[in-house]
Amino acid sequence: AVVSTQSTGGTDFFWDIGSRTSYALDWNLFCDREYLSTTLNSLFFIGGIPGLFVGGWLADMFGRRITTIFGIGCCILVNVIAAMSSRYWMLALCRTLSGFGTFVCYNAVYILFLEFCAPQHRAFACTLHMAQWGLGTTLLAPLAYLLHGWRWLIWISVLMLAISIVPVFLVPESPRFYFTNKGDEKNAKQSLQWLAKNNNVALNTDNIQLEKNTGQAEDDTKTSQLEVLKEFLEYREMTIQLAALMIMGVIVAFIYYGFAFGWGKLGSDLYLSYFYAGLGDLLTIILQPVPHMYLGRRKSMIVYFLVAGCTFLVALIPLDFGFITLEQLSCLVGSMFSSAAFFSLFLYTSELAPDAQRGKMLGFLSIACRVGALLGPQANLMFEWSKQGTLVIFAVLAVLASLVPIRLPESRDAKTPATAAEVQERRLERKRNLRLSALEDELS
């Protein structure tokens, strides 16, 4: 059977599905019912929004490790039910809850991953963590091609989730969480001892004294979550940084999904198109530490946005190389640099955020990205108005986003702040250094 369907990017694909099935075919989600199929994708992100709120709060309140286990456990349970769904509403509910569980653990495992690393190793650690995302995306297309039933694809995801939860049980909680969020020096030292032992480092925790960072009060353990939230109003610098990061989050997600799905697919084969997109993401993630090493986080963000913006303008040139058009090539390049900006943004945020608010700040950033993710695919409507005009709008947004990091500090090799007060103090210190440097220039 040869099927023609409308992709999310607005390109018609024609392929022989043979004995393959999909929920769209099983439940006749075509023509006037096609919106039901699209809704299933949106429900995942809709469920992810409360998941980000809950996940950030749980990570700061109960720990990064417990939150990760809870989120993955939810995903396993929900996907088992989804694989046995016999009704549309049943799968729709599972998609919503799956999005909730996914984003509950998303930020928690990321924080746990980075808090185990020294500042000089964060970029490499971030690359290892994000490479799993790129590898999973790349493998998804051939798996979908080889497996002839959509339920089998869900069962494969259940198996991968079950495997991924095992290492979380084998590692301890973050020592930063124990000491900074809970004031538990004993468990913090035990966690450090585990890390030292597994890295063949001799460490006697009985002879070390954990140091409280600047601004960390003696009664931190008694601080309620409401009081922690009030710090966003009290300390202006932390709020400004969060707002700037969220602005970039909305724009980069809008650009990425608009660029990848709103126009120009790589060829007419559905599976190859997604395979190339995943391969581009994986390549970007692997190469990402290079600009971080030489340019730092802030300058890298500026370069990523500028290059992504330029690709939109290049795509306006009508040029066909035979095997690929310039528009399609620009789509791949833009997708790669948008991915780089997206992944770098989470690393940048985790380094700027103080320990007590790291989960919340990453949660707010993820919510901003989800807003952009929901808006990006709607670029189809803009392309119906004017394709050239839409590309110019995307280019302008990318260039504007490249200006936002100018206001933010560099975080490469810097000690992560412990409290909001320390973030404020660092800002004041930078101002004093700039004034002193200006005064020295005048005197010379």
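What you see is a predicted model, and the numbers here were worked out from it, not measured in a lab. In this convention, every chain numbers its residues from 1, walking through the sequence in written order. In keeping with the model being predicted, local features are shown solely for residues with a pLDDT of at least 70 and side-chain atom pairs are shown and tallied solely at 80 or more, while totals for entire chains, interfaces and linings include all residues. No hydrogens and no water enter the side-chain calculation; it runs on all heavy atoms of the structure.

## So, the overall build of the chain
Okay, step 1: Labels follow the DSSP assignment, with helices taken as runs of H or I lasting at least four residues and strands as runs of E lasting at least two, numbered in each case from the N terminus. Check the secondary structure of the chain and you find 17 helices and 2 strands.
Okay, step 2: Accessible area is worked out with a 1.4 Å probe on protein chains only. A residue is then buried under 20% of its type maximum, exposed over 50%, and partly exposed in between. Among the 444 residues that make up the chain, the fraction classed as buried is 48%.
Okay, step 3: Any two residues having at least one pair of non-hydrogen atoms within 4.5 Å are treated as being in contact. Residue pairs in contact within the chain that sit at least 24 positions apart in sequence constitute 78% of those at least 6 positions apart.
Okay, step 4: The accessible surface values rely on the Shrake-Rupley method and a 1.4 Å probe; as for residues, cover is taken only from the protein chains in view. Surface exposure of the chain reaches about 21,700 Å², of which carbon and sulfur atoms provide 67%.

## Thoughts on the state of the cysteines
Okay, step 1: Note on terminology: disulfide denotes any pair of cysteine sulfur atoms within 2.5 Å. Summed over the entire model, instances satisfying the criterion amount to 0 disulfides.
Okay, step 2: Note on Cys 75: no disulfide assigned, nearest cysteine sulfur contributed by Cys 105 at a separation of 5.4 Å.
Okay, step 3: The class of Cys 75 is buried, set by a relative accessible area of 4%.
Okay, step 4: You can call Cys 105 buried: its relative accessible area is 11%.

## What about the packing of aromatic side chains?
Okay, step 1: Put simply, two rings from Phe, Tyr or Trp (the six-membered ring, in Trp's case) pair if the centres are within 6.5 Å, and we call them stacked under 30 degrees between planes, edge-to-face over 60, tilted for the rest. Applying the stated rule across the entire model yields 8 aromatic pairs.
Okay, step 2: Measuring from ring centre to ring centre gives 5.6 Å for Trp 57 and Phe 62, while their planes differ by 80°; the resulting arrangement is edge-to-face.
Okay, step 3: Under the relative-accessibility criterion, Trp 57 is labelled partly exposed at 37%.
Okay, step 4: An aromatic cluster is present here, built from Phe 254, Phe 312 and Phe 394 joined pairwise through their rings.

## Considerations on the confidence of the model for the chain
Okay, step 1: Each residue carries a pLDDT score, the predictor's own confidence in it, on a scale running from 0 to 100. With 82% of its residues at a pLDDT of at least 70, the chain reaches an overall mean of 78.
Okay, step 2: By mean pLDDT, strand β1 (residues 2–6) is the weakest element of the chain at 31, and helix α3 (residues 64–83) is the strongest at 92.
Okay, step 3: Across residues 1–15, confidence stays below pLDDT 50; counting only partners more than four residues off in sequence or on other chains, it has 42 contacts.
Okay, step 4: Taken together, the stretch residues 214–223 has pLDDT below 50 and engages in 13 contacts with residues farther than four places along the chain or on a different chain.

## Quick word on the packing of helix α12 (residues 289–314) against helix α16 (residues 387–403)
Okay, step 1: To get an axis, fit a line to the C-alpha atoms, keeping to the stretch in contact for a helix; angles then go from 0 to 180 degrees between the N-to-C directions. Between α12 and α16, the shortest axis-to-axis distance is 8 Å and the interhelical angle comes to 165°. Comparing the axis directions of α12 and α16 gives the class roughly antiparallel. In this structure, the crossing between α12 and α16 has a hand that is left-handed. In contact with Ile 302, Phe 305, Leu 306, Ala 308, Gly 309, Phe 312 and Leu 313 of α12, α16 contributes Leu 391, Phe 394, Ala 395, Ala 398, Val 399, Ala 401 and Ser 402.
Okay, step 2: Polar here means any residue other than Ala, Val, Leu, Ile, Met, Phe, Trp, Tyr, Cys and Pro, which are nonpolar, and Asp, Glu, Lys and Arg, which are charged; Gly is therefore polar. Residue composition of the contact of α12 with α16, grouped by class: 12 nonpolar, 2 polar and no charged. Roughly parallel refers to an angle under 35 degrees, roughly antiparallel to one over 145, roughly perpendicular to one between 65 and 115, and oblique to any angle outside these ranges. Put simply, a crossing is left-handed when the front helix is turned counterclockwise from the back one by less than a right angle, and right-handed when it is turned clockwise.

## Observations concerning the side chain of Thr 67
Okay, step 1: You can see Thr 67 is positioned in helix α3.
Okay, step 2: The term polar contact refers here to a pair of N or O atoms within 3.5 Å; inside protein, the definition further demands a hydrogen-donor-capable atom paired with an acceptor-capable atom, and it admits residues adjacent in sequence only when both atoms are side-chain atoms. At 2.7 Å, the side chain of Thr 67 and the backbone oxygen of Gly 63 are in polar contact.
Okay, step 3: Filtering out sequence-adjacent residues up to four positions away, Thr 67 remains in contact with Gly 55, Leu 58, Ala 59, Val 104, Cys 105 and Ala 108.

## Points about the environment of Met 248
Okay, step 1: Tracing the backbone through its elements, the reader meets Met 248 in helix α10 (residues 236–261).
Okay, step 2: It is 8.5 Å that separates the C-alpha atoms of Met 248 and Cys 369, two residues lying 121 residues apart in sequence.
Okay, step 3: Setting aside chain neighbours within four positions, we find Met 248 in contact with Met 301, Phe 305, Leu 345, Ala 401, Val 404, Pro 405 and Leu 408.

## So, the nonpolar core
Okay, step 1: Working definition of a nonpolar core: buried Ala, Val, Leu, Ile, Met, Phe, Trp, Tyr and Cys residues. They are joined through side-chain atoms within 4.5 Å. If you look at the biggest cluster of nonpolar residues, it comprises 57 residues, and the most contacted ones within it are Tyr 110, Met 130, Leu 245, Met 248, Phe 305 and Phe 346.
Okay, step 2: For this core, the element with the highest residue contribution is α10, accounting for 12 residues.
Okay, step 3: The residues touching Phe 305, leaving out its near neighbours within four places in the chain, are Met 248, Ile 251, Val 252, Ala 341, Ala 398, Ala 401 and Ser 402.
Okay, step 4: With 13 residues, the next largest nonpolar core counts Leu 36, Val 78, Leu 91 and Trp 150 among its residues.

## Looking at a nonpolar patch on the surface
Okay, step 1: Like-charged residues within 9 Å of one another, or nonpolar side chains (Val, Leu, Ile, Met, Phe, Trp, Tyr) within 5 Å, are grouped into patches, provided each residue has over 30% relative accessible area and no salt bridge. The working definition used for a salt bridge is a side-chain nitrogen of Lys or Arg within 4 Å of a carboxyl oxygen of Asp or Glu. On the surface, Leu 313, Leu 316, Val 392, Val 396, Leu 400, Leu 403 and Ile 406 cluster together to form a nonpolar patch covering roughly 590 Å² of accessible area.
Okay, step 2: Top element by residues in the nonpolar patch is α16. It accounts for 4 residues.
Okay, step 3: Note that Leu 403 resides in helix α16.

## Topic: helix α17 (residues 420–443)
Okay, step 1: The span you would expect from a helix comes to 1.5 Å times its residue count less one. For α17, with 24 residues, the first-to-last C-alpha span of 35 Å sits near the 34 Å given by 1.5 Å per residue.
Okay, step 2: By the burial criterion, the buried members of α17 are Ala 420, Glu 422, Val 423 and Arg 427.

## Observations concerning the packing of helix α4 (residues 88–115) against helix α13 (residues 326–352)
Two measures define how a pair of helices packs: the angle their axes make with one another and the distance between the axes.
Okay, step 1: Closest axis-to-axis distance for the α4/α13 pair is 11 Å, and the angle between their directions is 65°. Every pair of crossing elements has a handedness; the one defined by α4 and α13 is right-handed. Where α4 abuts α13, its residues Tyr 106, Asn 107, Tyr 110 and Leu 114 lie against Phe 342, Phe 343, Phe 346, Leu 347 and Ser 350.
Okay, step 2: Considered class by class, the residues forming the contact of α4 with α13 number 7 nonpolar, 2 polar and no charged.

## Some thoughts on the pattern of salt bridges
Okay, step 1: Applying the stated rule across the entire model yields 7 salt bridges.
Okay, step 2: In this structure, the salt-bridge partner of Arg 430 is Glu 237, at a minimum N-O distance of 3.7 Å. Linking Arg 430 in helix α17 with Glu 237 in helix α10, this pair joins segments that are 193 residues apart in sequence.
Okay, step 3: With a relative accessible area of 26%, Arg 430 lands in the partly exposed category.
Okay, step 4: Assessed through its relative accessible area of 3%, Glu 237 is described here as buried.
Okay, step 5: Put simply, Arg 432 and Glu 425 hold a salt bridge, and the shortest N to O gap is 3.0 Å.
Okay, step 6: Here Arg 432 falls in the partly exposed class, since its relative accessible area comes to 44%.
Okay, step 7: Of the residues examined, Glu 425 reaches a relative accessible area of 34% and is grouped as partly exposed.
Okay, step 8: One salt-bridge network, in which partners are shared between bridges, spans Glu 237, Arg 407, Arg 427 and Arg 430.

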